[in-house]
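# Notes for the structure review
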Amino acid sequence: MTARIIDGKVIAAELRGRVADEVARVKREHNLVPGLAVVLVGNDPASEVYVRSKHTQTQAAGMASFEHKLPADVSQADLLGLVARLNRDPAVHGILVQLPLPKGLNTEAVINAIDPAKDVDGLHPNNAGRLAGGFEALSPCTPLGSIILTKSVHASLEGMNAIVIGRSNLVGRPLVQLLLNENATVTIAHSRSRDLPGLVKRADLVYAAVGKPEMVRGDWLKPGATVIDIGINRIPKDDGKTRLVGDVAYQEALDVAGAITPVPGGVGQMTVACLLVNTLRAACAIAGLPKPAV
Ligand code: GUN
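The rules we used
The residue numbering used here restarts from 1 in each chain and proceeds along that chain's sequence as written. The predicted nature of this model means local features are confined to residues of pLDDT at least 70 and side-chain atom pairs, given and counted, to a pLDDT of 80 or more, with totals for whole chains, interfaces and linings taken over all residues. With hydrogens and water set aside, each side-chain value is computed from the structure's full complement of heavy atoms. Two strands pair if DSSP finds at least two bridges between them. Numbering of helices and strands runs from the N terminus, with a helix taken as a DSSP run of H or I at least four residues long and a strand as a DSSP run of E at least two residues long. Fitted lines through C-alpha atoms serve as axes, helices being fitted only where they are in contact, and the angles separating the N-to-C directions of these axes extend from 0 to 180 degrees. Residue contacts are counted whenever heavy atoms from the two residues lie within 4.5 Å of one another. Only a single heavy atom is needed: when it lies within 4 Å of a molecule or strand, its residue is near that molecule or strand. In the analysis that follows, any N or O atom pair within 3.5 Å is treated as a polar contact, provided that within protein one partner can donate a hydrogen and the other can accept it, and provided that, for residues neighboring in sequence, both atoms belong to side chains. The Shrake-Rupley method, run with a 1.4 Å probe, gives the accessible areas here. Residue values count only the displayed protein chains as cover. Only protein atoms enter the 1 Å grid, on which a cavity is a set of points fitting a 1.4 Å probe that cannot get out and a pocket is an open set with protein on both sides within 12 Å along at least 5 of 7 lines, lining residues being those with an atom within 4 Å of a point. Each molecule is checked against the cavity or pocket grid, and it sits inside if more than half of its atoms lie within 2 Å of the grid points. For this classification, Asp, Glu, Lys and Arg are treated as charged, while Ala, Val, Leu, Ile, Met, Phe, Trp, Tyr, Cys and Pro are nonpolar and the rest, including Gly, are polar. Burial here depends on accessible area, computed with a 1.4 Å probe over protein chains only, as a share of the maximum for the residue type. Under 20% is buried, over 50% is exposed, and the range in between is partly exposed. Helix span, as expected, comes to 1.5 Å for every residue beyond the first.

Strand order in the open sheet formed by three strands is β3-β2-β4, and the pairing between neighbours is parallel. Unpaired on one side and paired on the other, β3 (64–70) and β4 (94–97) mark the two borders of the sheet. Going across the sheet, the axis of each strand differs from the next one's by a mean of 15 degrees, ignoring polarity. Helix α3 (residues 76–88) rests against β2 (35–41), β3 and β4 of the sheet, and its axis sits at about 175 degrees to β2.

In structure tokens form, the structure reads like this:
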């Protein structure tokens, strides 16, 4: 058996197209241009690549994009000052501070300073708490994208056994909440879990978000399982360059899984597309408009 490959590129492009249609509509009907501000502190090369991609795709969807680059040695007060200005700026509906922040800055204080209505990362405690309470909230983009990819295979996740490997605030924890909202039965596994292969074996849906290259092996999987690989690991090649691999041993998994996301070309594509969705939703909510149709 060879697994069906879940094409994140195609699904993300389709989603971006629907966002662009809705952006055009709110512009036409309400003279509203959703705006996203991205703050990048320092010059981590991977973060610079993500931020450039966010900028390009935001503009391509017809939204306003505001980039703020600050030096790695910016003071906490100056960073908080920028966040306060963006909170007040009526052209800005979404604020994303690229993580991780350089050492010396207090990430928690920065996240807490973002207006929850503009928190398109869904990281502010108001949004994280609302999500955990089962209330409507802006939710983190990578978990949202992971759910959309799963639903491209399974129309309903009700009653399915899901395992989320990893418990980060950005991915694992919010993903668990979204899966609960879909009525899945969720196991949360992490670095201290016992018998991880045994836990994975029972799962119909496997979400790997640990940041360990190819940690989940093919023979851990239940035959026919749907595998969503959220890891993006850069590993060195013989020629001195690097290649990207996920948290799942892809070639092994292909023979066992029913469906699987590749790395690259899977979840990564969805994250920015969902950021555009969140920015559009935030803009409509702030303007008092009904929820957009995406
Ligand atoms: N770094 C890697 N992914 C993300 C993300 O989704 N949001 C933020 N703010 N930083 C990230």
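What surrounds the ligand is the set Leu96, Val97, Gln98, Leu99, Asp121 and Leu170. In this structure, glutamine 98 approaches the ligand through a side-chain N or O atom, which is 3.0 Å from a nitrogen atom. Between the ligand and leucine 99, the relevant distance is 2.9 Å, taken from a nitrogen atom to a main-chain nitrogen or oxygen of the residue. Considered on its own, the ligand offers 280 Å² of accessible surface; in the complex 83% of this is hidden by protein. Its atoms largely coinciding with the cavity grid, the ligand occupies the largest pocket. Residues that form the shell around the ligand fall into these classes: four nonpolar, one polar and one charged.

The next point concerns the sheet that holds strand β7 (residues 205–208). In spatial order, the strands read β1-β11-β8-β7-β5-β6; together these six strands make up an open sheet with parallel pairing. Lying at the two open borders of the sheet, with one neighbouring strand each, are β1 (4–5) and β6 (185–189). Relative to β7, strand β5 (residues 161–165) runs parallel, the two being bridged by four bridges. Note on β7: the bridge partner recorded for isoleucine 165 is alanine 208.

Cis peptide bonds are those with omega within 30 degrees of zero, and the linkage from leucine 99 to proline 100 qualifies with 0 degrees. Here proline 100 shows up in the loop between β4 and α4 (107–113). Geometrically, the link from valine 263 to proline 264 is a cis peptide bond, its omega value of -5 degrees lying close to zero. Mapping proline 264 onto the fold places it in the loop between β11 (259–260) and α10 (267–286).

Another point: helix α7 (residues 172–181). When we look at burial in α7, the residues that qualify are Gly172, Pro174, Leu175, Val176, Leu178 and Leu179. Summarising the contacts, the buried residues of α7 are in contact with α5 (125–132), α6 (141–151), β5, β6 and β7. Where α7 terminates, the next one or two residues include asparagine 183, which has phi positive at roughly 65 degrees.

Further remarks concern helix α2 (residues 45–60). The end-to-end C-alpha separation of α2 is 23 Å, in line with the 22 Å expected for 16 residues at 1.5 Å each. For α2, the secondary structure elements touched by its buried residues are α1 (8–30), β2, β3, β4 and α10. In the segment just after α2, glycine 62 is the residue with positive phi, at about 90 degrees.

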